[in-house]
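If you want the building blocks of each chain, they are given just below.
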Amino acid sequence: MVISRFSILDNTGNIHIGPWCMIGARARIYTHDHCHQGHEPLLATQERHGVLWQDKYLGKDVWIHENAIVLYQASILPDGFVLGAGSVLTKNPGAYEIWGGVPARKIADRRDLSPTEITAFFEKPAFNLKEYLHLDELKDTKF
């Protein structure tokens, strides 16, 4: 399990984190919420009634990428779930789903790759800025 620097795990409620989970830098997981209704000052409502809170469950192999936010409403992040960078999760996803956006929505499913697909994935040529800008053709330019 990895909890990266500057992440915020609000422990108003309990948080279970399963094995092989990764929580990216500056990700936030909230176990509480405030009442935002009525015309009375919100702090007065909070002082009188407190906050809503609930426990949160992260299954195994859950990845929450950098700057993602998991709000109070999402209580169960099942095995294999992935939340994209900068996303805001407001409801419970399914197992091995990939979600992204604001608010987050399902964008894909994780699937097993064949050995050939795995090899092809890792053998993709890396983007090379020097080739892209044709810097080899510029003889008098120093970089």
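Residues numbered from 1 in each chain as written. Predicted model: local features only at pLDDT ≥ 70, side-chain atom pairs only at ≥ 80, totals over all residues. Heavy atoms only, no water.

K.L.:
Explanation requested: the overall build of the protein in the structure shown.
P.N.:
The number of helices and strands found in the protein is 3 helices and 15 strands. Over its C-alpha atoms the protein spans a radius of gyration of 21 Å, topping by over 25% the 15 Å that the globule rule assigns to 143 residues. Its C-alpha atoms give the protein principal-axis dimensions of roughly 70 × 40 × 25 Å. The buried share of the protein, reckoned over its 143 residues, is 31%. Considering the protein, the positive charge centre built from 15 side chains and the negative charge centre built from 17 side chains are found 2 Å apart. (Helix = DSSP H or I, 4+ residues; strand = E, 2+ residues; numbered from the N terminus. Rg over C-alpha atoms; globule rule 2.2 N^0.38 Å. Buried < 20%, exposed > 50% of the residue type's maximum accessible area, 1.4 Å probe, protein only. Lys, Arg positive; Asp, Glu negative; His and termini not counted. Charge placed at Lys NZ, Arg CZ, Asp CG, Glu CD.)

K.L.:
I'm lost on the sheet that holds strand 3 (residues 15–17) in this one. Help?
P.N.:
Read across the open sheet, the 3 strands follow the order 3-8-11; overall the sheet is parallel. Of all the strands in the sheet, just strand 3 and strand 11 (76–77) have a single pairing partner and so form its edges. By the bridge criterion, 2 bridges tie strand 8 (residues 56–58) to strand 11 in an arrangement that is parallel. Residue pairing in the sheet places Tyr-57 in a bridge with Ile-76 of strand 11. (Pairing = 2+ DSSP bridges.)

K.L.:
I keep staring at the pairing of strand 15 (residues 105–109) and nothing clicks. Help me out?
P.N.:
Remark: a regular strand shows side chains that alternate across the two faces of the sheet. Sheet topology places strand 14 (residues 97–100) next to strand 15; 4 bridges connect them, and they run antiparallel. By the bridge assignment for strand 15, Ile-98 is matched with Ala-108.

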